Amino acid sequence: MSDQRGQDVGLRVAVLGPGGVGGLLAALLARAGAQVRCLARSETAAHLQAAGVRVESGQFGDFTTPVDAAERLTTPVDVCIIAVKATQLDAALERVPADVLGDALVVPLLNGVEHVDLLRHRYPQAGVVPATIRVESTRTGPGVIEHGSPFVTVDLVATAGLEQRVQRLADALRGAGVTTRVGDDEQAALWGKLNFLAPLALLTTAAQATAGEVREARREDLRAIVAEVAAVARAEGAPADVDQVVAFFDGVPAGMRSSMQRDAAAGRPIELDAIGGAVVRSATRHGIAVPVTARYVDELRGRYPTG
Ligand SMILES: NC(=O)c1ccc[n+]([C@@H]2O[C@H](COP(=O)([O-])OP(=O)(O)OC[C@H]3O[C@@H](n4cnc5c(N)ncnc54)[C@H](OP(=O)(O)O)[C@@H]3O)[C@@H](O)[C@H]2O)c1
């Protein structure tokens, strides 16, 4: 986008939920010249407006970037990144009125699959871009983000008619240091992540143990859940290879934990419904039996708050 003198004024990006994911992207994009507005609860917005976002990162270094912050979207943007947890989505979307958002791109980075349809329904004029992010990033205080992984990778899906605008966003992300890929297969992108994430989250949370421990102690359940999620993914039109996912699970660092497990341990609501519940619901729609996944979902629902 250019101003009246033809100068690039930067992509206008709203970030709903400036936490581990949202705060990191807000800071990186703002540092690279985008016009970033964080949408947050009142205390967090006030803090960000005054102090900016602080990032502590092995990959990007430690830096603080000023950002605009508000409780609600009141002026148009090119892109609205949604980075709240699934359990917070309904309340947070009140901050983004459909008439102000207009036909902007909406880029949800939540784990799970069902939020994409929810957003399309809620924002019929907008261009919803299914997306996933691979990163380990933690909000350690309001506007303070600890980026632990030596990478951050965003996968965007450019659906028909949105290709050019998605490319512009991809360029802005790459310019900010984010590895960004653009694909055209929505189900492959969303289920490709869930294929691994659902078994990891369910097993590590139920056992309150690391990936290394559960792949030893709960091997049968691991194979069963991977196979069940893969069957559902295939029914949804996504490729899924059970041996490949198990091999990937076997290859991750033994000490790996899931964010669901960390939320459970900290007493925060877990994203069980978006991750495990979505698999069970889709299985039911397709008439696929997922007994082990369903057993874990039921057990966790009884043990932890889910929203
Ligand atoms: N963190 C990761 O490494 C990672 C990696 C891959 C995927 N994901 C996925 O990304 C999503 C976001 O996770 P996260 O770890 O970034 O979560 P997070 O650190 O808890 O951040 C969520 C942010 O949302 C804000 N928020 C909550 N309710 C809100 C509301 N009603 N209005 C406005 N803002 C609200 C919180 O604000 P306050 O700051 O005011 O509390 C917080 O800044 C999840 O679906 C997660 O599974 C995360």
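What counts as what
- Residues numbered from 1 in each chain as written.
- Predicted model: local features only at pLDDT ≥ 70, side-chain atom pairs only at ≥ 80, totals over all residues.
- Heavy atoms only, no water.
- Pairing = 2+ DSSP bridges.
- Helix = DSSP H or I, 4+ residues; strand = E, 2+ residues; numbered from the N terminus.
- Buried < 20%, exposed > 50% of the residue type's maximum accessible area, 1.4 Å probe, protein only.
- Axes fitted to C-alpha atoms, helices over the stretch in contact; angles between N-to-C directions.
- Parallel < 35°, antiparallel > 145°, perpendicular 65-115°, else oblique.
- Left-handed = near helix turned anticlockwise from the far one by under 90°.
- Contact = heavy atoms within 4.5 Å.
- Near = heavy atom within 4 Å.
- Polar contact = N/O pair within 3.5 Å; in protein donor to acceptor, adjacent residues only side chain to side chain.
- Areas by Shrake-Rupley, 256 points an atom, 1.4 Å probe, with all protein chains shown as cover.
- Nonpolar A, V, L, I, M, F, W, Y, C, P; charged D, E, K, R; others polar.
- Domains from an automatic or database assignment.
- Buried area = accessible area lost by both parts, 1.4 Å probe.
- Salt bridge = Lys/Arg side-chain N within 4 Å of Asp/Glu carboxyl O.
- Phe/Tyr/Trp six-rings, centres within 6.5 Å; stacked < 30°, edge-to-face > 60°.
- Lys NZ or Arg CZ within 6 Å of the ring centre and 35° of its normal.

**Q** Quick question: what am I supposed to make of the sheet that holds strand E1 (residues 12-16) here?
**A** Adjacent strands of a sheet form backbone hydrogen bonds with each other and so pair up, either parallel or antiparallel. Spatially, the six strands line up as an open sheet ordered E5-E2-E1-E6-E7-E8, and their pairing is parallel. Both edges of this open sheet fall to strand E5 (68-70) and strand E8 (127-128), since each of them pairs with a single strand only. Bridge analysis of strand E7 (residues 105-108) against E8 gives two bridges, and the strand direction is parallel. Note on E8: the bridge partner recorded for Val106 is Val128.

**Q** I would appreciate a short explanation of the pairing of strand E6 (residues 79-82) in the present structure.
**A** For a regular strand, the rule is simple: side chains alternate between the two faces of the sheet. Neither face of E6 is open: one carries Val79 and Ile81, the other Cys80 and Ile82, and all of them are buried. Pairing between E1 and E6: four bridges, direction parallel. Looking at E6, one finds that Leu16 is bridged to Ile82. Pairing between E6 and E7: four bridges, direction parallel. Its bridge partner being in E7, Val79 is matched across the sheet by Leu105.

**Q** Looking at this structure, I do not really get the packing of helix H7 (residues 186-207) against helix H12 (residues 272-286). What am I missing?
**A** Each packed pair of helices is defined by two parameters, the angle between the axes and the distance between the axes. In contact at an axis separation of 10 Å, H7 and H12 are set at 110° when each is read in the N-to-C sense. Regarding the angle of H7 to H12, the classification is roughly perpendicular. Here H7 runs over H12; the crossing is left-handed. In this structure, H7 uses Trp191, Leu194, Leu197, Ala198, Ala201 and Leu202 to contact H12, whose residues at the interface are Leu272, Ile275, Gly276, Val279 and Ser282.

**Q** Honestly, the environment of Met260 in this entry has me stumped. Any pointers?
**A** Assignment of secondary structure puts Met260 in helix H11 (residues 259-266). Not counting residues within four places of it along the chain, the set of residues in contact with Met260 comprises Ala201, Thr205, Ile270, Glu271, Leu272, Ile275 and Leu300.

**Q** Please explain the site of the ligand as it appears in this structure.
**A** Taken together, the neighbourhood of the ligand is formed by 25 residues, with Arg41, Thr44, Arg95, Arg139 and Glu271 sitting nearest. In this structure, an oxygen atom belonging to the ligand sits 2.8 Å away from a main-chain N or O atom of Gly20. Within the side chain of Asn111, a nitrogen or oxygen atom sits 2.8 Å from an oxygen atom of the ligand. When isolated, the ligand has an accessible area of 900 Å², and the protein chains bury 89% of it. For the shell around the ligand, the secondary structure elements donating two or more residues are helix H1 (20-31), helix H3 (89-93) and strand E10 (137-141). Its residues assigned to classes, the shell around the ligand shows 11 nonpolar, seven polar and seven charged.

**Q** How should the domain arrangement of the chain be read in this particular structure?
**A** Buried accessible area, meaning the area lost when the parts come together, often serves as the stated size of an interface. Splitting the chain by domain gives domain 1 (12-184) and domain 2 (188-303). For domain 1 and domain 2, the distance between their C-alpha centres works out to 25 Å. With 15 residues of domain 1 at the interface, the matching set in domain 2 holds 16 residues. Contact with domain 2 buries surface across domain 1, with Asn111, Val113 and Glu114 losing the most and accounting together for 39% of the total. Between Lys85 and Asp263 there is a salt bridge, and its shortest N-O distance comes to 3.0 Å. Across the domain 1-domain 2 interface, the total number found is five residue pairs in polar contact (both at pLDDT 80 or more). Considered class by class, the residues forming the side of domain 1 that touches domain 2 number seven nonpolar, four polar and four charged.

**Q** When you look at the packing of aromatic side chains in this model, what are you seeing that I'm missing?
**A** Think of a pair of aromatic rings as described by two things: how far the centres are apart, and how the planes are tilted against each other in angle. Using the criterion set out here, one finds two aromatic pairs in the structure. Ring geometry for Phe196 and Phe248: centres 4.9 Å apart, planes at 90°, overall edge-to-face. Placement of the pair is Phe196 in helix H7 and Phe248 in helix H10 (residues 242-251), with a sequence separation of 52 residues. Among the aromatic residues, ring-to-ring pairing joins Phe196, Phe248 and Phe249 into one connected group. Directly above the ring of Phe63 sits Arg31, whose terminal nitrogen or CZ lies 4.0 Å from the centroid.

**Q** When you look at the sheet that holds E10 in this model, what are you seeing that I'm missing?
**A** Read from one edge of the open sheet, four strands run E4-E3-E11-E10, paired in mixed fashion. Unpaired on one side and paired on the other, strand E4 (61-65) and E10 mark the two borders of the sheet. Going from strand to strand, the sheet's axes swing by 20° on average, the running direction of each strand aside. The pairing of strand E3 (residues 53-57) with E4 spans five bridges and is antiparallel.

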